[in-house]
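Chain and residue survey
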Amino acid sequence: MTVYFIGAGPGAADLITVRGRDLLARCQVCLYPGSLTPTELLDHCPDGARLVDTADLTLDQIIDEQVAAHRRGADVARLTSGDPSVYSAVAEQMRRLDAAGVPYEVVPGVPAFAAAAAVLKRELTVPTVGQSVVLTRAQARSTSMPEGEKLAAFAATGTTLALHLAVNRIEQVVEELLPYYGADCPAAVVALASQPGEQVVRGTVGDLVGMVRDAGITRAATIFVGPVLAAEGFPDSFLYSAGRDRSKQPTPL
């Protein structure tokens, strides 16, 4: 058997990948985070599948479910919100499955920041304006940030920031960002991207605290900061430039 870590996407049930949907349809066990998974996704599970809400389970209990399924010869769909590569807590699960000799695979999904950028109708990498994106979070009631991964250090680069798990500390976030981006730097917050109740606020770094508080946004939000959010008059990408020499084909990898 195999445990499949499947990115369930940012919230909308139809944003799961075709591969993820098809795996759900043939796995005899599905572990899912109840507070983050749309119930429509579970409709893809086969009749008689064991459905386990992990919202209130410990890591040990989750691993016990996976190991027990392995011993029965049952495949497991382990749904994660967004994409497994970012803030999904799969690293510790994979470590324990390695120790238990249980095979697993990872199926990517649509991350929350990508869904939020789509809601904003903004590309986060714009020619000559911004070519890098930093995905990070603010320290709160969670695992401490590694030494050196400070918000101020990222802000000093002036690059586009996508902040997760930070909206409830918006005052501290703005205080740290202001010296580097300035009050007039474009900013936006998208809450519950692709989900019912989706909210979007746009403004500047100086407006962020008031915008967030007035909108009553308290969870499942991504904060964006950077000039790309209001970029205009930038040059066209070289990719489609008329001056690009298209006679030379790229060398196969």
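Bear in mind that the values here come from a model prediction, so they are computed numbers and not experimental data. (Residues numbered from 1 in each chain as written. Predicted model: local features only at pLDDT ≥ 70, side-chain atom pairs only at ≥ 80, totals over all residues. Heavy atoms only, no water.)

Another point: the sheet that holds strand β1 (residues 3–7). Pairing within the open sheet is parallel, and its five strands lie in the order β3-β2-β4-β1-β5. The open sheet is flanked by β3 (50–53) and β5 (104–107), the only strands paired with a single partner. Strand-to-strand twist in this sheet, taken as the mean axis angle between neighbours without regard to direction, amounts to 15°. Pairing of strand β2 (residues 29–32) with strand β4 (residues 76–80), which is carried by three bridges, proceeds in the parallel orientation. Opposite L31, over in β4, you have R78 as the bridge partner. Of the strands in this sheet, β1, β2, β3 and β4 touch helix α2 (residues 59–72), which is tilted by about 170° from β2. (Pairing = 2+ DSSP bridges. Helix = DSSP H or I, 4+ residues; strand = E, 2+ residues; numbered from the N terminus. Axes fitted to C-alpha atoms, helices over the stretch in contact; angles between N-to-C directions. Contact = heavy atoms within 4.5 Å.)

Right, let's talk about helix α4 (residues 112–120) for a bit. Of the residues making up α4, those classed as buried are A115, A116, A117, V119 and L120. Just past α4, the residue K121 takes up positive phi, approximately 55°. (Buried < 20%, exposed > 50% of the residue type's maximum accessible area, 1.4 Å probe, protein only.)

Right, let's get into the pattern of salt bridges. In the structure shown here, the tally under the stated rule is five salt bridges. Its salt-bridge partner being R26, residue D75 comes within 3.3 Å of it at the nearest N-O pair. Of the two residues, D75 sits in the loop between α2 and β4 while R26 sits in the loop between α1 (18–24) and β2, which places them 49 residues apart along the sequence. You can call D75 buried: its relative accessible area is 14%. With relative accessibility at 46%, the residue R26 sits in the partly exposed group. (Salt bridge = Lys/Arg side-chain N within 4 Å of Asp/Glu carboxyl O.)

What follows deals with the nonpolar core. Membership of the largest hydrophobic core comes to 26 residues, with the highest contact counts inside it found for L177, L208 and V225. Elements with a minimum of two residues in this core: α5 (151–155), β7 (160–164), α6 (170–181), β8 (186–191), α7 (208–215) and β10 (221–225). Among all residues touching V225, those that are not within four sequence positions of it are T159, T160, L161, L177, Y181, C185, P186, A187, V205 and L208. A8, L23, C27 and L79 belong to the second largest nonpolar core, which has 16 residues in total. (Core = buried A, V, L, I, M, F, W, Y, C linked by side-chain atoms within 4.5 Å.)

Partitioning the chain into structural domains gives domain 1 (3–107) and domain 2 (112–230). The distance between the C-alpha centroids of domain 1 and domain 2 comes to 29 Å. Contacts between the two partners involve six residues from domain 1 and, on the opposite side, nine residues from domain 2. For the domain 1 and domain 2 pair, buried surface summed over both sides reaches about 570 Å², with 66% attributable to carbon and sulfur atoms. The largest share of the area that domain 1 buries against domain 2 comes from P10, V86 and Y87, three residues that together contribute 74% of it. Between domain 1 and domain 2 we count zero salt bridges in total. At the boundary of domain 1 with domain 2, the tally comes to three residue pairs in polar contact (both at pLDDT 80 or more). In terms of residue class, the side of domain 1 that touches domain 2 is built from five nonpolar, one polar and no charged. (Domains from an automatic or database assignment. Buried area = accessible area lost by both parts, 1.4 Å probe. Polar contact = N/O pair within 3.5 Å; in protein donor to acceptor, adjacent residues only side chain to side chain. Nonpolar A, V, L, I, M, F, W, Y, C, P; charged D, E, K, R; others polar.)

Another aspect to go through is the sheet that holds strand β9 (residues 199–204). Through backbone hydrogen bonds, the strands of a sheet pair up, either in parallel or in antiparallel fashion. Taken together, five strands build an open sheet; the order of strands is β6-β7-β10-β8-β9 and the sheet is mixed. Every interior strand has two partners, whereas the edge strands, β6 (133–137) and β9, have only one. Across the sheet, the mean angle from the axis of one strand to that of its neighbour is 15°, orientation sign disregarded. Two strands pair when backbone bridges link them, and β7 and β10 are joined in this way by three bridges, in the antiparallel orientation. By the bridge assignment for β10, L163 is matched with I223. Most of the contacts of α6 go to β7, to which it runs at about 170°, and overall it touches β7 and β10. The sheet strands contacting α7 are β8, β9 and β10, and the helix crosses β9 at an angle near 160°.

Turning to the pairing of β2, a few remarks are in order. Alternating positions in β2 separate into two faces, V29 and L31 on one and C30 and Y32 on the other, with burial throughout. Pairing analysis gives four bridges linking β2 to β3, with the strands arranged parallel. Bridge assignment links V29 to a residue of β3, and that residue is R50.

In this section: the packing of aromatic side chains. Applying the stated criterion to the full structure yields one aromatic pair. When the centroid spacing of 5.9 Å and the interplanar angle of 75° are considered together, the rings of F5 and Y104 count as edge-to-face. Linking F5 in strand β1 with Y104 in strand β5, this pair joins segments that are 99 residues apart in sequence. According to the relative accessible area criterion, F5 is buried, its value standing at 0%. (Phe/Tyr/Trp six-rings, centres within 6.5 Å; stacked < 30°, edge-to-face > 60°.)

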